[in-house]
Amino acid sequence: MLATDVYLYLQKNKSDVRIVTQSDEKNRLQTELDSLEAQIEQVNVGKTKLSTEMQAKNDSLQSKITVLRKQLAKGKLTQAELDKAQEDVKQLRYFVTNYTAQIDELKKQNTSLATERDTLKTNLATVKKTAAQTDSALTKQNQDLGAKVKVGSAIKLAAADVVAYKIKGSGKEVDVKRASPAKKIKINFTVASNTLAEKAMHDIFVRIIDPTGNLITETDSGNFNADGTDLQFTYKTSIDFKDDGSQYTIEWVNPVAFQKGTYTVLLYADGYTMGKTSFMLK
């Protein structure tokens, strides 16, 4: 009987140990499932949109955890069920580790792509700014060049002189040096050679300043622009410029009596000053 009691005690002790061991293992497996699920949730925080394949993996892992939780929730597990649960958790651990590694890599790629995108945006903004600055600089250069071409294409005086004339009763003109008999002047001039100037008719504006510094005007005198300034002219005419060294003459009759002193004659064409000359009457 003593031997029988000892045997039964040992068997019961083994059974109690096995139950305790199974209970501890179930708790450990439950804890590991909690850890794996938390790992999945953590790696998914702030994730970008998953691909179909990655979403399927995520759903599969969550499903496996749910199934294992149900298995471990049973009142008692046979040793075979416990062994299977252990193997399933082991495999699940592998899949979760692999999945989190893929998610981490995806995040790194997304971060790299975001950085590359931001860099491209910055570079694009820089290129646009540089292009705008270049375009502005080119526009200014073109404007400056256009202005230079315009200045260069304006005709200029090569030489000029002015002669005063009196008009006899017969209509004959005689040059004079004195103011009292003078009635008109002739402005004789040549134009400097200019290959940029247009070979065509050019308007000529004449401004005559009397010895007192006043501009002589007539009733039909108007305004024009030269050198960026609006001016009033004394007389307006035109010449046919052929760039062949021709001499031109502009005749002008003074509407008032000439005075003693020096007169200044200024000529303008193509928006710029052609040149000036002067003459003196005694």
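Keep in mind it's a predicted model, so treat the numbers as computed, not measured. (Residues numbered from 1 in each chain as written. Predicted model: local features only at pLDDT ≥ 70, side-chain atom pairs only at ≥ 80, totals over all residues. Heavy atoms only, no water.)

Student: Please give an account of the overall build of the protein chain that cites residues and values.
Tutor: When you go through the protein chain residue by residue, the secondary structure sums to 3 helices and 10 strands. Along the chain direction, N to C, the helices and strands of the protein chain fall in the order α-α-α-β-β-β-β-β-β-β-β-β-β. Counting only residues that meet the buried cut, the protein chain has 29% of its 282 residues in that class. Partitioning the contacts of the protein chain with sequence separation of at least 6, the portion at a separation of at least 24 is 71%. (Helix = DSSP H or I, 4+ residues; strand = E, 2+ residues; numbered from the N terminus. Buried < 20%, exposed > 50% of the residue type's maximum accessible area, 1.4 Å probe, protein only. Contact = heavy atoms within 4.5 Å.)

Student: So what about the sheet that holds strand S4 (residues 201-209)? Which residues, and what values?
Tutor: An order of S7-S4-S9-S10 is seen for the 4 strands of this open sheet, with the pairing classed as antiparallel. Two strands in the sheet have a free side with no partner beyond their single neighbour: strand S7 (235-240) and strand S10 (272-281). Here the average twist between neighbouring strands, direction ignored, is 25 degrees. Judged from the 6 bridges that link them, S4 and S7 form a sheet pairing that is antiparallel. Pairing of His202 across the sheet is with Ile239, part of S7. (Pairing = 2+ DSSP bridges. Axes fitted to C-alpha atoms, helices over the stretch in contact; angles between N-to-C directions.)

Student: Please give an account of the pattern of salt bridges that cites residues and values.
Tutor: A full pass over the atoms with the stated rule returns 6 salt bridges. Residues Arg28 and Glu32 are paired through a salt bridge, measuring 3.2 Å at the closest nitrogen-oxygen approach. Within this pair, Arg28 and its partner Glu32 are both found in helix H1 (residues 2-44), separated by 4 residues, close to a single helical turn. Residue classification places Glu32 among the buried residues on the basis of a relative accessible area of 15%. For Lys184, the salt bridge identified is with Glu251, shortest N-O distance 2.7 Å. Linking Lys184 in strand S3 (residues 184-191) with Glu251 in strand S8 (residues 247-253), this pair joins segments that are 67 residues apart in sequence. When its relative accessible area of 40% is taken as the criterion, Glu251 is described as partly exposed. Connected through salt bridges with shared partners, the residues Glu173, Lys184, Lys186 and Glu251 form a single ionic network. (Salt bridge = Lys/Arg side-chain N within 4 Å of Asp/Glu carboxyl O.)

Student: Tell me about the nonpolar core, and name the residues and values.
Tutor: Ranked by internal contacts, the top residues of the largest apolar core, which has 29 residues, are Phe189 and Leu267. Mapped by element, the contributors of at least two residues to this core are strand S1 (157-167), S3, S4, S8, strand S9 (261-269) and S10. Excluding residues that lie within four positions of it along the chain, Leu267 makes contacts with Leu157, Ile187, Phe189, Ile204, Phe205, Val206, Ile250, Thr273, Met274 and Gly275. Leu36, Ile40, Leu82 and Val89 belong to the second-largest nonpolar core, a separate cluster that totals 16 residues. (Core = buried A, V, L, I, M, F, W, Y, C linked by side-chain atoms within 4.5 Å.)

Student: If you had to explain the packing of aromatic side chains to someone new, which residues and values would you point to?
Tutor: Inspection of every chain in the model, using the stated rule, returns 8 aromatic pairs. Seen from their ring centres, Phe205 and Phe224 are 4.4 Å apart, and the 5 degrees between their planes marks the pair as stacked. One end of the pair, Phe205, is in strand S4; the other, Phe224, is in strand S5 (residues 223-226), with 19 residues separating them in the sequence. As far as burial versus exposure is concerned, Phe205 and Phe224 are alike and both buried. Look at Phe224 and Phe233: their rings are 6.3 Å apart centre to centre, the planes differ by 50 degrees, and that puts the pair in the tilted class. (Phe/Tyr/Trp six-rings, centres within 6.5 Å; stacked < 30°, edge-to-face > 60°.)

Student: Can you tell me about the sheet that holds strand S2 (residues 173-176), naming the residues and giving the values?
Tutor: By way of backbone hydrogen bonds, the strands of a sheet pair with one another, either parallel or antiparallel. The strand order across the open sheet formed by 4 strands is S2-S1-S3-S8, and the pairing between neighbours is antiparallel. Of all the strands in the sheet, the pair left with one neighbour each is S2 and S8. Strand-to-strand, the axes of this sheet are offset by a mean angle of 35 degrees, without reference to chain direction. Pairing geometry for S1 and S3, over 8 bridges, is antiparallel. Paired with Tyr165 across the bridge in S3 is Lys184.

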